[in-house]
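Notes for the structure review
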Amino acid sequence: MESTNEERNRIGVIGSGLAGLSAACVLAARGYQVVVFEKSPWLGGKAAVLNEAGFRFDMGPTILTVPSVLKRVFSEAGREMADYLDLIRLDPQWRCFFNDGSVLDLVENVSDMALSLDKRLPGTNAGADYSDFITYSERLHRISEKYYFWKSIGGIGDMIDPKFGFSLAILSDVLSMRMGRSVASTVRKYNPDPQVSQMLDHFTQYVGSCPEQSPAVLCSIAHMQTQEGIWYPRGGTRAVPEALVKLGEELGVEYRTETGIARVLVEGNRVTGVETEAGEVIELAAVVSNADSVRTHRELLSESAPRVSRKFERRRSYEAACSGVVLYLGLNKAYDHLLHHDFVFSRDPHEEFDSIYRKGEPAPDPTCYLASTARTEPETAPAGGDALYVLVHTPYLRPHHDWNKMLPEYRRVILEKLKTTGKMPDIESRIVYESALTPQDIHDRYRVLNGAIYGLASHGKWNGAFKPANRSRDLQGLYLAGGAAHPGPGMPMVLMSGWIAADSLDQDKIAPKVASVRC
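The model shown is predicted, which means the values in this text are computed figures rather than measured ones.

With that out of the way, let us pick up helix α12 (residues 306–315). When we look at burial in α12, the residues that qualify are V308, S309 and F312. Down the axis of α12, the buried set is contained in an arc of 100°. They therefore lie on one face. Where α12 is buried, its residues meet α11 (293–300).

Bringing the packing of α11 against α12 into the picture now. Interhelical geometry of α11 versus α12 gives an angle of 145° and a closest axis separation of 8 Å. In this structure, the crossing between α11 and α12 has a hand that is left-handed. Taking contact as the criterion, the partners of S293, V294, H297 and R298 in α11 are, on α12, V308, S309, F312 and E313. By residue class, the composition of the contact of α11 with α12 is three nonpolar, three polar and two charged.

A separate point is the pairing of strand β15 (residues 323–331). Taking burial as the measure, the nine residues of β15 include nine buried ones, the bulk of the element. Residues S323, V325, L327, L329 and L331 of β15 are buried on one face, and the alternating residues G324, V326, Y328 and G330, pointing to the opposite face, are buried as well. Bridging between β15 and strand β18 (residues 386–394) involves nine bridges; their strand directions are antiparallel. Considered in β18, the bridge of Y328 is made with Y389. As defined by bridge partners, β15 adjoins strand β19 (residues 431–437) across six bridges and the pair is classed as antiparallel. Paired with L327 across the bridge in β19 is A436.

Reading guide: rules and limits
Residues numbered from 1 in each chain as written. Predicted model: local features only at pLDDT ≥ 70, side-chain atom pairs only at ≥ 80, totals over all residues. Heavy atoms only, no water. Buried < 20%, exposed > 50% of the residue type's maximum accessible area, 1.4 Å probe, protein only. Helix = DSSP H or I, 4+ residues; strand = E, 2+ residues; numbered from the N terminus. Arc of directions from axis to C-beta. Contact = heavy atoms within 4.5 Å. Axes fitted to C-alpha atoms, helices over the stretch in contact; angles between N-to-C directions. Left-handed = near helix turned anticlockwise from the far one by under 90°. Nonpolar A, V, L, I, M, F, W, Y, C, P; charged D, E, K, R; others polar. Pairing = 2+ DSSP bridges.

Shown next, in the form of structure tokens:
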């Protein structure tokens, strides 16, 4: 049966991760007819939920920062985010546990944090150093907003519009980005204390990359977090995709779960539709791929557009960001010394990063990130207990990694770290429910590149901040969104990538607007 013009004019979104849901909502709000294809039986990608034995765990992201990005998506439809989500501010933002037994809280207010550091490190100028670092971070954030965010960027040449020339102000901004310098060296320039610098390194861990190999501009994340805070959505971060799906439904978005896409269809140099894994051919005006950008080209375009696939691969090398082991631990008794978010730090960050990012092996003494949710939302665990989420970064999958064999031993390493540095010596006796996610599970479940949690690595002191652009350079009607596309991984960034992909498509006027915004 032949498709109608209205069906051909639809926009297809491949994948319902946060970027795909964001793109779908923005497109529908602007008047397009949108259909979302999702291979899994649930919507939301990694922002899934695990409900077992009276415990509820967010399976993927657990920290919501820069809520203004999410607000912008809702405002596209004239909606208030507060009508869809109940956000709880968390301050202190993190509690940090160090190998020598000391503890340091990261608080939101910069002046208060500076005072705390002066008390911790008297006579060292630590407070002023931290304040100077945040001031520098603020400038980097401002530059990012001016040149980098909210538009399709694939390289430094896309950041500056040549018709405006290259002024001294632009030169000053470019120089302040410390091109050729790393996050780690910049952090230590401002904060020489090893524990403070180890804490600040972990802003970069939001993007799953090594601070020693990532460009200094990523220090801007520090100001983004101190400016807008850290938030917990009531119901967990799973509440974010649920809110976006609800908004999309109100706007007329069609969601098709358990519908895997086998290939993107191409005629000449233009996308014409998709073919599902069941063999159904669906004509479309354009496609936004929320699938991993590398796998989109290697798997969905390799047959229908081999030239496009080869061109993408030749443009640059693509390295997966790190992966991770997640332990979901249901405890019958919560630990009172934890905050909602905690870092149990490694004894030596250089040793840790060298293992993960250079040797490609699990760190012998890892940093553990913890989300202890029951103190904020008691409903996540039976009375008095806790749903403890434990994430340890690991290398992306290598051919010799067999996580069926590796997990039992690495679980022991992780629990030993929690018992000692994390001050939880009796944790095993408190565990009444346990599940785990390995890099192989992440690769298979979410179909990401080599099990990477955060898409593509941000490595390279000159080009590390750049991911594939949201508007395809090689194929009309193809747009990219998600952690493996600009501006990169992390909840606010993938939501922004969906907005950029939708906005780019809208600018290109690639399809007629056939739907009106529902009230």
